[in-house]
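Listed here are the chains, written in short residue letters.
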Amino acid sequence: MDGSPIISHCEGRDVRLITLKHDRGEFLFRVAGVFIHNNKILLMRTSKGTAWVLPGGRLEINEKSADAVIREFKEELGFSMKVNRPLWVIENFNAYGNRNLHEFGIYYRLEAERLDEIRWEPDEFHGIEDAVKLTFKWFDLDELKTITLYPLCIKELLKETGPEMKHVINDDLNPMQP
C-alpha cells in the first residue's frame, strides 16, 4: 500500500476519490449533509449494514467540499440541494467501529432546492445510484436515541447546531462521555 489515492469507477468515468490506504490503516475524506424537514432527518446505510450515517460520500481530488456534498445527494438520491452552512469538522478515529479507519469529515446543513424532488416515504427506500446500493430513511429526531448512528458524536451534536462551526475529535471505539 503506497498511500496513493484509490481510483474508483463512478458513472462511467474514473474519478479520484480521496482515500489513502497504508499498512497502518486507512484515511477517508468525507462530506455529509444534514437535511432536516418537519422534525425528520434523512439518514442512510449500506444495503448490508445496520448502522446509519448522514448521507454523503468521499471527495474527489480538486473538488470543493460544498460541491461534493451537493453532488453526492444528486448521485445517490436525485435531489437538488443547496448548502445552508457548514456545521462541523469531525476528525473521526476508528470510524464506524473499524480500528485504524481515520475519517476526516465536513458536515453541512442542507436545504432542498426543489421540495417536489424529495422522496418523503415513511419507510426505508433505495437510492438511485447503481454502483453502490444504499438504503435511506427519514427518522424523527426523537427516534435517534434508539438507533446506531455514526460518527457516534452526531446525536449529541444535533441537539445544538448553533451558529458557529464546530471542530470535533471523535473516536467511534471510545465514544465521548456525557
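Conventions used here
Position numbers for residues count from 1 along each chain, tracking the sequence in the order it is written. In keeping with the predicted nature of the model, local features appear solely for residues at pLDDT of at least 70, side-chain atom pairs appear and are counted solely at 80 or more, and the whole-chain, interface and lining totals rest on all residues. With hydrogens and water stripped out, all remaining heavy atoms of the structure feed into the side-chain values. Numbered from the N terminus, helices here are DSSP runs of H or I no shorter than four residues, and strands are runs of E no shorter than two. In this scheme, a residue with accessible area under 20% of its type's maximum is buried, one over 50% is exposed, and one in between is partly exposed, where area comes from a 1.4 Å probe on protein chains only. Contacts were defined at the residue level, with two residues in contact if any of their heavy atoms lie within 4.5 Å. We define a nonpolar core as any set of buried Ala, Val, Leu, Ile, Met, Phe, Trp, Tyr and Cys residues linked to one another through side-chain atoms lying within 4.5 Å. We call two strands paired when DSSP finds no fewer than two bridges between them. For salt bridges, the criterion is a side-chain nitrogen of Lys or Arg within 4 Å of an Asp or Glu carboxyl oxygen. To estimate the expected span of a helix, count its residues, drop one, and scale the result by 1.5 Å. Classification of ring pairs uses Phe, Tyr and Trp, with its six-membered ring standing for Trp, and accepts pairs whose centres are within 6.5 Å; under 30 degrees between planes counts as stacked, over 60 as edge-to-face, and the remaining range as tilted.

Peer 1: Looking at this model, I keep getting lost on the overall build of the protein chain. Mind explaining?
Peer 2: When helices and strands are counted, the protein chain shows two helices and 13 strands. Buried residues in the protein chain amount to 45% of all 178 residues. Considering only contacts in the protein chain between residues 6 or more positions apart, those separated by 24 or more positions represent 62%.

Peer 1: For this particular structure, what's the right way to read the environment of Leu173?
Peer 2: Take Leu173: it is sitting in the segment after β13 (166–171). Assessed through its relative accessible area of 31%, Leu173 is described here as partly exposed. In the structure, Leu173 is positioned 77 residues away from Tyr96 in sequence and 8.1 Å away in space, judged by C-alpha atoms. Apart from the residues lying within four places of it in its own chain, the contact partners of Leu173 are Asn94, Gly97 and Arg99.

Peer 1: How should the nonpolar core be read in this particular structure?
Peer 2: Taken as a class, soluble globular proteins show a tendency for nonpolar side chains to be buried jointly. One finds Phe35, Leu42, Phe73 and Met81 to be the most contacted residues of the largest nonpolar core, which totals 25 residues. Those elements that place two or more of their residues in this core are β3 (25–34), β5 (40–46), α1 (65–77), β8 (81–93), β9 (101–112) and β11 (134–140). In this structure, Leu87, Ile147, Cys153 and Leu157 belong to the second largest nonpolar core, which totals 20 residues.

Peer 1: Please clarify how the pairing of β8 should be interpreted in this entry.
Peer 2: It is a general feature of regular strands that their side chains alternate between the two faces of the sheet. Both β8 and β9 contribute to a ladder of ten bridges, which runs antiparallel. Bridged to Pro86 within β9 is Tyr108.

Peer 1: Could you clarify how one ought to interpret the pattern of salt bridges in this entry?
Peer 2: Applying the stated criterion across every chain yields a total of eleven salt bridges. Between Arg71 and Glu60 there is a salt bridge whose closest N-O contact spans 3.6 Å. Separated by eleven residues along the polypeptide, Arg71 in helix α1 and Glu60 in the loop between β7 (56–58) and α1 bring together distant segments of the chain. One network of salt bridges, in which partners are shared, links Glu60, Glu63, Arg71, Glu72 and Glu75.

Peer 1: For this particular structure, what's the right way to read α1?
Peer 2: Along an α-helix, residues three or four positions apart point the same way, because every turn accommodates 3.6 residues. The end-to-end C-alpha distance of α1 is 18 Å, a good match for the 18 Å that 13 residues give at a rise of 1.5 Å each. Burial in α1 covers these residues: Ser65, Ala68, Val69, Arg71, Glu72, Phe73, Glu75, Glu76 and Leu77. Backbone geometry just after α1 places Gly78 at a positive phi near 80 degrees.

Peer 1: Which parts of the structure should I look at to understand the packing of aromatic side chains?
Peer 2: Geometrically, a pair of aromatic rings is defined through the distance of the ring centres and the angle of the planes. Per the counting criterion, the structure on display carries eight aromatic pairs. Measuring from ring centre to ring centre gives 5.9 Å for Trp88 and Tyr107, while their planes differ by 50 degrees; the resulting arrangement is tilted. Of this pair, Trp88 sits in strand β8 while Tyr107 is found in strand β9, placing the two residues 19 residues apart along the sequence. Judged by its relative accessible area of 0%, Trp88 falls in the buried class. Geometrically, the ring pair formed by Tyr96 and Tyr150 is edge-to-face, given 5.8 Å between the ring centres and 80 degrees between the ring planes. Of this pair, Tyr96 sits in the loop between β8 and β9 while Tyr150 sits in strand β12 (residues 149–150), and the two are 54 residues apart along the sequence. Here Tyr96 falls in the partly exposed class, since its relative accessible area comes to 23%. Cluster of aromatic residues (ring-pair linked, three or more members): Phe35, Trp120 and Trp138.

Distances and angles like these do not, on their own, reveal function.
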